[in-house]
Amino acid sequence: MGGLEYRRGMHQLGRGTWAYLSPPGTWGWSNCGLLVDGAHGLLVDTQFDLPLTRELLAAVAEVAPGVEISTVVTTHANGDHCWGNELLPRAEVVGSSACGLGMAHEVQPAELAALSGPGSPATPLGDYMRRHFGAFDFEGITVTPPTRTFTGQLDLALGNRRVELIEVGPAHTDGDVIVHMPDVGVVFAGDILFIGGHPIMWTGPIRNWISACDRIAETGADHVVPGHGPVTDQAGVAVFRGYLEWVADWARKAYGAGLPYWEAGDPRRLPAAYAGWGNPERLVITMAAAYRELGDGPHELLDVLAKTAAAEPR
Ligand SMILES: [Zn+2]
């Protein structure tokens, strides 16, 4: 959509509906959503660490004074969307069952601190992790998974408003959920949508991710808030869907031709249309997942990340 500035903080999209944007939208800089009806408040996702989540909550108090956040929806298990959940101890945390499992089994804050903090390994991967994750504070985080889980679809009441939670994963992760607000025509897509940067497919399958884009299109929503990047519209979703179709097609060809996944994910192989998107090295992670669907692997996560670091254009 035109006209909405990509600036840190709250942006109103409709009555009782805000996107909280976190430029530049690169690794860990994720967007959230705020929904309000009367004294009732719902947050879509929290931030990567406690200081950033406190900043988010201060912005909530500013645009919605006196509103109690009674519900937090966690779109998926990646820490940049849920590691601030503990700062809302009175709220019910809602997510898919697969998201709940993922939060318990994903890389934990202390492990990410060890991989990206000052004492992290003096390797190209350590260098990559320090540069991309070193700004976050992973100390003292208690991972706080959903207390209410579901599969498929769950409708929540927020005052007199209906909030539709739609499970569209596994795609980016095992348990991706999007949040649709039919009364204002807004979708919060979590990491089903990246705008301006390359997405990361941790799990796939890619057909599910393409179907998830179709599900967003079916809502007819005018405003779509990505997990990372500026707010977009259905045309932006269609461009992103085209990227996923290219990934599916290229992975099949490259695997068939015997290229290893990290060569298929070399950013120099990107079509011109996507060459300007940020973090192109993340194509290596996506190709590893796409190759697993085709029978390659298993791949060890730290090895995939090391190959990603090596592919970063510098
Ligand atoms: Zn994210």
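Computed from a predicted model, the values in this text were never measured in an experiment. Throughout this document, residue positions are counted from 1 along each chain, in the order its sequence is written. Only residues with pLDDT of at least 70 are given local features in this predicted model, and only at 80 or more are side-chain atom pairs given and counted; all residues enter the totals for whole chains, interfaces and linings. Each side-chain value is derived from all of the structure's non-hydrogen atoms; neither hydrogens nor water enter the calculation.

## A few points about the sheet that holds strand 11 (residues 186–188)
Alright, step 1. If you trace the 5 strands from one edge of the open sheet to the other, you get 8-9-10-11-12, paired in mixed fashion. In this open sheet, the two edge strands, each paired with only one partner strand, are strand 8 (153–158) and strand 12 (223–225). Taken pair by pair, the neighbouring strands of this sheet meet at an average axis angle of 20 degrees, ignoring direction.
Alright, step 2. Pairing between strands is defined by DSSP: at least two bridges between them are needed. Each helix is a run of DSSP H or I of at least 4 residues and each strand a run of E of at least 2, with the numbering of both proceeding from the N terminus. Relative to strand 9 (residues 161–167), strand 8 runs antiparallel, the two being bridged by 6 bridges. Within strand 9, the position partnered with D155 by the bridge is E164. Between N-to-C directions, angles span 0 to 180 degrees; the directions come from axes that are lines fitted to C-alpha atoms, helices contributing only their stretch in contact.

## Concerning the coordination of the zinc ion
Tetrahedral metal sites with four donors have an ideal angle of 109.5 degrees; octahedral sites with six donors have ideal angles of 90 or 180 degrees.
Alright, step 1. Ligating atoms shown are N, O and S within 2.8 Å of the metal, or 3.2 Å for Na, K and Ca, and water is not included, meaning a site may look less than complete. The coordination sphere of the zinc ion, as far as protein atoms go, consists of D80 (OD), H81 (NE2), D191 (OD) and H228 (NE2), spread over 2.1 to 2.3 Å.
Alright, step 2. By the criteria applied here, four donors are tetrahedral when all angles lie between 85 and 135 degrees, four are square planar and six octahedral when opposite donors are over 155 degrees apart and every other angle lies between 65 and 115, and any other arrangement is irregular. Given 4 donor atoms and angles of 87 to 162 degrees at the metal, the environment of the zinc ion is assigned as irregular.

## Some words on the environment of A273
Alright, step 1. Along the polypeptide, A273 turns up in the loop between helix 7 (261–264) and helix 8 (283–293).
Alright, step 2. Take A273: its relative accessible area is 59%, and that puts it in the exposed class. Residue exposure (1.4 Å probe, protein chains only): buried if accessible area is under 20% of the type maximum, exposed if over 50%, otherwise partly exposed.

## With respect to the environment of P118
Alright, step 1. You can see P118 is positioned in the loop between helix 3 (109–116) and helix 4 (124–133).
Alright, step 2. Residues P118 and G134 lie 16 residues apart in sequence; the distance between their C-alpha atoms is 8.0 Å.

## A few points about the sheet that holds strand 3 (residues 32–37)
Alright, step 1. An order of 1-2-3-4-5-6-7 is seen for the 7 strands of this open sheet, with the pairing classed as mixed. The outermost strands of the open sheet, each flanked by one partner alone, are strand 1 (9–14) and strand 7 (148–150). Here the average twist between neighbouring strands, direction ignored, is 25 degrees.
Alright, step 2. Note that strand 5 (residues 68–73) and strand 6 (residues 92–96) share 3 bridges and pair parallel.

## Looking at the UniProt feature "domain: Metallo-beta-lactamase" (unreviewed entry) in the protein chain
Alright, step 1. The UniProt entry lists residues 29–228 under the feature "domain: Metallo-beta-lactamase" (unreviewed entry), expressed in the numbering used here.
Alright, step 2. With 28% helix and 24% strand, residues 29–228 has end C-alpha atoms that lie 7 Å from one another. UniProt positions are given in the numbering used here, feature names are shortened, and annotations may be inferred rather than shown by experiment.

## Overview of helix 6 (residues 234–256)
Alright, step 1. Here a helix's expected span is defined as the number of its residues, less one, multiplied by 1.5 Å. For helix 6, built from 23 residues, the straight-helix expectation of 33 Å at 1.5 Å per residue is met to within 8% by its first-to-last C-alpha distance of 33 Å.
Alright, step 2. Taken together, the buried positions of helix 6 are G236, V237, F240, Y243, L244, W246, V247, A248, W250, A251 and A254.
Alright, step 3. Tucked inside the fold, the buried residues of helix 6 contact helix 5 (206–219), strand 12, helix 7 and helix 8.
Alright, step 4. Regarding helix 6, its N-cap is D233, as a side-chain oxygen of that residue lies 3.1 Å from the backbone nitrogen of A235 further along.
Alright, step 5. G258 sits one or two residues past helix 6 and shows a positive phi near 85 degrees. Note on definitions: a residue-residue contact is assigned when non-hydrogen atoms from the two residues lie within 4.5 Å. Each polar contact in these results corresponds to two N or O atoms within 3.5 Å; when the atoms are within protein, one needs to be able to donate a hydrogen and the other to accept it, and residues that are neighboring in sequence are counted only if both atoms are side-chain atoms.

## Regarding the packing of aromatic side chains
Alright, step 1. Pairing of aromatic side chains here covers Phe, Tyr and the six-membered ring of Trp, requires ring centres within 6.5 Å, and sorts the geometry by plane angle: under 30 degrees stacked, over 60 edge-to-face, intermediate tilted. Using the criterion set out here, one finds 18 aromatic pairs in the structure.
Alright, step 2. Measuring from centroid to centroid gives 5.3 Å for W27 and F133, while their planes differ by 50 degrees, and the two rings are tilted. A residue pair is termed long-range when its members are at least 10 positions apart, and W27 in the loop between strand 2 (17–21) and strand 3 and F133 in helix 4 qualify at 106 residues. Neither residue differs from the other here; W27 and F133 are each classed as buried.

## Some details on the pairing of strand 3
Alright, step 1. Of all 6 residues in strand 3, 6 are buried, a share of seventy percent or more.
Alright, step 2. Here strand 3 shows two buried faces, one formed by C32, L34 and V36 and the other by G33, L35 and D37.
Alright, step 3. In terms of strand pairing, strand 2 meets strand 3 through 4 bridges, oriented antiparallel. In the sheet register, T17 faces strand 3, and the bridge partner there is L35.
Alright, step 4. Pairing between strand 3 and strand 4 (residues 40–44): 5 bridges, direction antiparallel. Bridge pairing in strand 4 places L35 opposite L42.
Alright, step 5. Hairpin connection, strand 3 to strand 4: the antiparallel pair is bridged by 2 residues, and G38 has positive phi, about 60 degrees.

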